[in-house]
Amino acid sequence: GGVGLERRLLHLNENLFDDFCSFTVLGLAPSPDGRWLAAHTDKGQILLLCLQTGKRVRTLHGAAGDEYSRPVQTWHPGGRYIYASANDTPGLLVVWEVASERKVATLSGHKGLVRDLHSLPGASQHLLLSCGYDKTIRAWAASPDSLAAGAAGALESMRLG
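Calculation notes
- Residues numbered from 1 in each chain as written.
- Predicted model: local features only at pLDDT ≥ 70, side-chain atom pairs only at ≥ 80, totals over all residues.
- Heavy atoms only, no water.
- Helix = DSSP H or I, 4+ residues; strand = E, 2+ residues; numbered from the N terminus.
- Pairing = 2+ DSSP bridges.
- Axes fitted to C-alpha atoms, helices over the stretch in contact; angles between N-to-C directions.
- Core = buried A, V, L, I, M, F, W, Y, C linked by side-chain atoms within 4.5 Å.
- Buried < 20%, exposed > 50% of the residue type's maximum accessible area, 1.4 Å probe, protein only.
- Contact = heavy atoms within 4.5 Å.

Sorry if this is basic, but what is going on with unusual backbone geometry here?
Generally, phi is negative for residues other than glycine and the peptide bonds are trans, each holding for most cases. We note that E101 has phi near 60 degrees; this positive angle belongs to a residue other than glycine. Inspection of the secondary structure puts E101 in the loop between β7 (93-97) and β8 (102-107). Unlike most non-glycine residues, K135 shows phi in positive territory, near 65 degrees.

Could you clarify how one ought to interpret the sheet that holds strand β1 (residues 25-30) in this entry?
Strand order in this open sheet of four strands is β1-β2-β3-β4, and the pairing throughout is antiparallel. Since the sheet does not close on itself, it has two edges, and those belong to β1 and β4 (56-61), each with one partner. In this sheet, neighbouring strand axes are inclined to one another by 20 degrees on average, regardless of whether the strands run parallel or antiparallel. When strand β2 (residues 36-41) meets strand β3 (residues 45-50), the two strands line up antiparallel, connected through five bridges. Bridge pairing in β3 places A38 opposite L48.

What is the right way to look at the nonpolar core in this model?
Nonpolar side chains in soluble globular proteins tend to end up buried together. Residues A38, I46, L48, L60, W75, I82 and W96 are the most contacted members of the largest nonpolar core, which totals 14 residues. Breaking this core down by element, the ones donating at least two residues are β3, β6 (81-85) and β7. Excluding its chain neighbours within four sequence positions, the residues that come into contact with I82 are A38, I46, L48, L60, T74, W75, V94, V95, W96 and V98. L93, V95, V114 and W140 belong to the second-largest nonpolar core, a separate cluster that totals twelve residues.

What follows is the structure in structure tokens.
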């Protein structure tokens, strides 16, 4: 008896016939509905892969980093947005609208690299929680309308230690 896991190949290249991959995936985040996978690469992009077909369906540009980066990313609870760290600018978070592949906001507040990121659903707004090497935890509040308009604000920052 196995555990029932199925092996599936995900195509990182846009061309399915291309076997060479010129980048490394550094971080993964499944969508809230389990249909998509965000793969953060060392070439400043986040690839969106369909877990049903294994194909690459979108590419989000502007999440800079390199092979030594440790990017973090998470999905908006409704799946409309992806939040990710930008390791070329310590403390910066980038927000993309998935459908349009467009950057809709940048959030700054940490004074060092962001270590972890989580998105929590709420009734009228949700919280984006981030922690960084600056020894703070930040809670960002945003409604879907404010994100579409490119705005989000920090609720509070707590200092640890």
